[in-house]
Amino acid sequence: MLRGVHTLALDAKGRIAVPSRYRALLQSMAEGALVTTIDTEARCLLIYPLSEWEVIQEKISALSSFNKAARRIQRLLVGHATDVEMDASGRVLVPPPLRDYAGLDKKVVLLGQGNKFELWSEEQWAQTRDAYLDEAGDEDTLTAELEQISL
């Protein structure tokens with residue numbers, strides 16, 4: 001399970017060091033093979049173990065290319081999907097076009113989302129998190145499914 005929030009440094013070559021607690025898990029899930037793509041709703045990146053990504057790509061590819069919304073998702077998510085490898089030191093190279101899209105600089109945030117990570121610029125994540133917290137008291141944003149959850 002990929003969860004938690006981790007502040008990391010992006011090195012001069014554009015690599016991040018995956019927190020050690022996830023390295024063995026990512027090795028066992030996908031032998032260190034990962035796929036990085038853009039998020040279509042926010043300026044961040046999505047990082048999937050290869051085995052998780054293959055299921056998602058299959059579903060996306062099965063969508064009709066005649067549907068404008070489906071085609072947009074195919075072009076953005078699959079088109080930007082880039083295979084990356086975790087090296088022996090647990091580092092992952094974030095490709096330059098994806099770094100540019102997400103505005104990644106020296107300080108980044110790796111946010112676990114269960115089956116994937118999100119990779120944010122530290123500044124963008126702080127702004128987004130604060131906006132989410134400001135919206136938290138707005139009862140109009142709760143769906144029926146969310147109202148059933150008790151924390």
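Residues numbered from 1 in each chain as written. Predicted model: local features only at pLDDT ≥ 70, side-chain atom pairs only at ≥ 80, totals over all residues. Heavy atoms only, no water.

Visitor: Would you mind going over the overall build of the protein with me for this structure?
Guide: Broken down by element type, the protein carries six helices and eight strands. Shown N-terminal to C-terminal, the secondary structure of the protein runs as helices and strands in the order β-β-α-β-β-α-α-β-β-α-β-β-α-α. By the compact-globule yardstick of 15 Å for 151 residues, the protein fits well, its C-alpha radius of gyration being 16 Å. Counting only C-alpha atoms, the protein reaches 45 × 40 × 30 Å along its principal axes. A burial count over the protein gives 37% of its 151 residues as buried. Nonlocal contacts in the protein, meaning residues at least 24 apart in sequence, comprise 58% of its contacts between residues at least 6 apart. Surface accessibility of the protein: about 9,400 Å² in total, with carbon and sulfur atoms responsible for 51%. Of the side-chain charges in the protein, 17 are positive and 23 negative, and the distance between the mean point of each set is 8 Å. (Helix = DSSP H or I, 4+ residues; strand = E, 2+ residues; numbered from the N terminus. Rg over C-alpha atoms; globule rule 2.2 N^0.38 Å. Buried < 20%, exposed > 50% of the residue type's maximum accessible area, 1.4 Å probe, protein only. Contact = heavy atoms within 4.5 Å. Areas by Shrake-Rupley, 256 points an atom, 1.4 Å probe, with all protein chains shown as cover. Lys, Arg positive; Asp, Glu negative; His and termini not counted. Charge placed at Lys NZ, Arg CZ, Asp CG, Glu CD.)

Visitor: I would appreciate a short explanation of helix α3 (residues 68-80) in the present structure.
Guide: One turn of an α-helix holds 3.6 residues; hence residues three or four places apart share an orientation. The end-to-end C-alpha distance of α3, which contains 13 residues, comes to 18 Å, matching closely the 18 Å that a straight helix rising 1.5 Å per residue would cover. Among all positions in α3, only A70, I73, Q74 and L77 are buried. For α3, the buried positions fall inside an angular range of 105° around the axis, keeping them on one side. For α3, the exposed residues set more than 90 degrees away from the buried face come down to K68, R75 and G79. On its buried face, α3 is in contact with β3 (33-38), β4 (45-49) and α2 (50-61). (Expected span 1.5 Å × (residues − 1). Arc of directions from axis to C-beta.)

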